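Below are the chains, spelled out letter by letter.
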Amino acid sequence: MIVRTPPTTASSGRGRGLLIAFEGGDGAGKSTQSRLLGQWLQEQGYAVLHTREPGGTTLGRTLRELVLHGEDGSVAPRAEALIFAADRAQHVATVVRPALERDEIVLTDRYLDSSVAYQGAARELGHEEVRDLSLWAVEGLVPDLTVLLDVSPEQGRERRGAVHDRLEREADDFHDRVRHGFRTLAADAPERYLVLDAGEGVDGLADAVRARVAGLLEARR
Ligand code: TYD
């Protein structure tokens, strides 16, 4: 007898919470912006969960070590894609969906688009293939809004400073493909993206993010 995988095994839905992802190349300033948005939302009385990929769970922290801190060439491209997808599956099932069910606002530094940009575009594993792998991992959960901090490879390199993980060490043409991957995703669904120039000042960027999120919250009322 063939036992089929049930179409959904999500342990919970998404409640009335909001999922907002911060994406961009290395050194774009995602964590600063997600922290500032989180502070502002908390001041407005919202329950906020701040998290990240890879490494937003106990399993994820082990996966993060494996995938980012090996030697160059130590992780095959498809293994890399599967590790990021596994990290995401665990993160969504045990952290993100439960928080959305509790009607919280989840802010995540990186999500599915990072896999499409880094593994799909930059590693050239294919946009659709990598997207579908992650969509399977998260049972179709896509953000309500993705804030893309667009950064050039040169600017990103400058901002990252001297310490580099395995992906940050890649050459500028890799980071150029990452950038192009993100921009293609945003251009395909502009209503779900806010694209900002990461070179703008921190305060101006934070104002733009708040204005867009305020609109989302208004629409949800
Ligand atoms: P991150 O911790 O966000 O690093 P940083 O704060 O320097 O941007 O991400 C670590 C690295 O993992 C980063 O180089 C991007 C990469 N990455 C992928 O290649 N695919 C993915 O799916 C994710 C989530 C991250």
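Residues numbered from 1 in each chain as written. Predicted model: local features only at pLDDT ≥ 70, side-chain atom pairs only at ≥ 80, totals over all residues. Heavy atoms only, no water.

A. How the structure looks around the site of the ligand. With respect to spatial proximity, 17 residues lie near the ligand, and among them D26, R110, S115, Q119 and E168 are the closest. Between the ligand and the protein, one listed contact pairs an oxygen atom with a side-chain N or O atom of R64 at 2.9 Å. Protein contacts shield 89% of the accessible area of the ligand, which totals 550 Å² for the unbound molecule. The set of elements that each furnish at least two residues to the shell around the ligand consists of α2 (58-68), α3 (77-101) and α4 (112-122). Element by element, the count of residues in the shell around the ligand is highest for α4, at four residues. Looking at side-chain class alone, the shell around the ligand contains five nonpolar, three polar and nine charged residues. (Near = heavy atom within 4 Å. Polar contact = N/O pair within 3.5 Å; in protein donor to acceptor, adjacent residues only side chain to side chain. Areas by Shrake-Rupley, 256 points an atom, 1.4 Å probe, with all protein chains shown as cover. Helix = DSSP H or I, 4+ residues; strand = E, 2+ residues; numbered from the N terminus. Nonpolar A, V, L, I, M, F, W, Y, C, P; charged D, E, K, R; others polar.)

B. The arrangement of the sheet that holds strand β4 (residues 145-150) in detail. The five strands are arranged β2-β3-β1-β4-β5 in an open sheet whose pairing can be described as parallel. A strand with exactly one partner marks an edge of an open sheet, and here the two such strands are β2 (48-52) and β5 (193-197). Strand after strand, the sheet turns through a mean of 15° between neighbouring axes, direction not considered. Pairing geometry for β4 and β5, over five bridges, is parallel. The residue bridging D150 from the neighbouring strand is D197, located in β5. Most of the contacts of helix α1 (residues 30-43) go to strand β3 (residues 105-109), to which it runs at about 165°, and overall it touches β1 (18-24), β2, β3 and β4. (Pairing = 2+ DSSP bridges. Axes fitted to C-alpha atoms, helices over the stretch in contact; angles between N-to-C directions. Contact = heavy atoms within 4.5 Å.)

C. Inspection of unusual backbone geometry at higher detail. With an omega of -10°, the peptide bond running from E53 to P54 counts as cis. Inspection of the secondary structure puts P54 in the loop between β2 and α2. In this structure, R110 takes a positive phi of about 75° despite not being glycine. Here R110 lies in the loop between β3 and α4. R110 sits in the buried class, given a relative accessible area of 12%. Although it is not a glycine, E139 adopts a positive phi angle of roughly 50°. Mapped onto the elements, E139 comes out in the loop between α5 (127-137) and β4. Judged by relative accessible area, E139 falls into the partly exposed class, the value being 30%. (Buried < 20%, exposed > 50% of the residue type's maximum accessible area, 1.4 Å probe, protein only.)

D. Main features of the pattern of salt bridges. A full pass over the atoms with the stated rule returns 13 salt bridges. Linking R123 and E80 is a salt bridge whose minimum nitrogen-to-oxygen distance equals 3.0 Å. In this pair, R123 is assigned in the loop between α4 and α5 and E80 in helix α3, connecting sequence segments 43 residues apart. The burial state of R123 is the same as that of E80; both residues are buried. Between D172 and R157 there is a salt bridge, with its nearest N and O atoms 2.5 Å apart. With D172 in helix α7 (residues 172-188) and R157 in helix α6 (residues 153-160), the pair connects residues that are 15 residues apart, well separated along the chain. When its relative accessible area of 26% is taken as the criterion, D172 is described as partly exposed. Through salt bridges with shared partners, a single network forms among E80, R123, R166 and E170. (Salt bridge = Lys/Arg side-chain N within 4 Å of Asp/Glu carboxyl O.)

All quantities given are derived from atomic positions and should not be read as evidence of function.
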